[in-house]
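# A closer look at the structure
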Amino acid sequence: MAKHLGFIGCSIIVALSLLFSATEARQYHVGDSFGWNTPPNQTFYSDWASSKTFFVGDSLVFNWTGNQNVADVTMAEYNNCTDVTSVFTGPSGTVFTINLLNPGRRYFICTVDDHCERGQKFSINVEWPISSGLSPSAQPTPFSSAPTLSYGILSAFLSIIAVYFFTCV
Ligand SMILES: *[C@@H]1O[C@H](CO)[C@@H](O)[C@H](O)[C@H]1NC(C)=O
Ligand SMILES: *[C@@H]1O[C@H](CO)[C@@H](O)[C@H](O)[C@H]1NC(C)=O
Ligand SMILES: *[C@@H]1O[C@H](CO)[C@@H](O)[C@H](O)[C@H]1NC(C)=O
């Protein structure tokens, strides 16, 4: 096995396993039970997002009723509630998932009528699991089943050793 993979192949597998073992991927239902609908006030979705820490590998589930859509926009478009043409649309009852594959800040709005102006918009920062896991400030965990910080680091450490021996030795 080792002969076929080589050092670089081994290193990539070990690095990836380290990254994804540090934090379990989570699915976030945008707006929780309220779903992705015209909110009761302008801060509803920014409040929802600000209480969470998002990592590469997590996903956002947009679940809506009535006439809604999702646009993945730039900061300028987000601030301005720009009526962009590239949107994810679907009828009432649509459940739409966006996978967060890269680190960085992301902006989501609904471009239907004045929904964005009324607060159907939020911005999140997507972080690498390992850099956050090792940062001194502990992350708030969204679910009680979430691994604790030390558990995350321990399981990452153990799995990297296991993966190293199974794939590289
Ligand atoms: C916005 O609405 C939510 C849900 O009704 C409520 O919990 C929150 O306090 C409201 N925020 C403001 C600023 O009114
Ligand atoms: C979507 O939202 C509706 C209404 O809140 C809920 O009954 C349904 O279970 C949700 N579906 C998913 C896949 O979250
Ligand atoms: C701001 O939004 C309005 C309404 O969607 C649009 O006409 C205008 O072009 C936008 N401006 C920028 C700079 O995006």
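Residues numbered from 1 in each chain as written. Chains lettered and ligands numbered in written order. Predicted model: local features only at pLDDT ≥ 70, side-chain atom pairs only at ≥ 80, totals over all residues. Heavy atoms only, no water.

## Quick look at the state of the cysteines
Tallying each qualifying case throughout the model produces one disulfide. Here Cys 81 is linked by a disulfide to Cys 116, with a sulfur-sulfur distance of 2.1 Å. Disulfide Cys 81-Cys 116: the torsion about the S-S bond is -75 degrees, which places it as left-handed. Placement of the pair is Cys 81 in the loop between helix 3 (75-80) and strand 5 (88-89) and Cys 116 in the loop between strand 7 (104-109) and strand 8 (121-127), with a sequence separation of 35 residues. Residue class for Cys 116 comes out buried when judged on its relative accessible area of 3%. (Disulfide = S-S within 2.5 Å. Helix = DSSP H or I, 4+ residues; strand = E, 2+ residues; numbered from the N terminus. Buried < 20%, exposed > 50% of the residue type's maximum accessible area, 1.4 Å probe, protein only.)

## Structural notes on the sheet that holds strand 4 (residues 69-73)
Remark on secondary structure: sheet strands pair via backbone hydrogen bonds, oriented parallel or antiparallel. Reading across from one edge, 2-8-7-4-5 is the order of the five strands in this open sheet, with mixed pairing throughout. Looking at strand neighbours, the two that pair on one side only are strand 2 (54-55) and strand 5, the edges of this open sheet. Where strand 7 meets strand 8, six bridges bridge the pair, whose relative direction is antiparallel. Along strand 8, the bridge assignment pairs Phe 108 with Phe 122. (Pairing = 2+ DSSP bridges.)

## Things to note about the site of ligand 2
Taken together, His 29, Ser 33, Asn 63 and Val 95 make up the full set of residues adjacent to ligand 2. Within the side chain of His 29, one N or O atom sits 3.3 Å away from an oxygen atom of ligand 2. Side-chain polar atom of Asn 63 to an oxygen atom of ligand 2: 2.3 Å apart, as the coordinates give it. Here the shell around ligand 2 is built from residues that sort into one nonpolar, three polar and no charged. (Near = heavy atom within 4 Å. Polar contact = N/O pair within 3.5 Å; in protein donor to acceptor, adjacent residues only side chain to side chain. Nonpolar A, V, L, I, M, F, W, Y, C, P; charged D, E, K, R; others polar.)

## Looking at the pairing of strand 3 (residues 59-63)
Within strand 3, four of the five residues are buried, which leaves it mostly tucked inside the rest of the structure. Looking at chain direction, strand 1 (residues 27-29) and strand 3 are connected through three bridges and run parallel. Each bridged residue has a counterpart across the sheet, and for Gln 27 the counterpart in strand 3 is Ser 59.

So, to be careful, I would describe these as geometric facts and stop short of saying anything about function.
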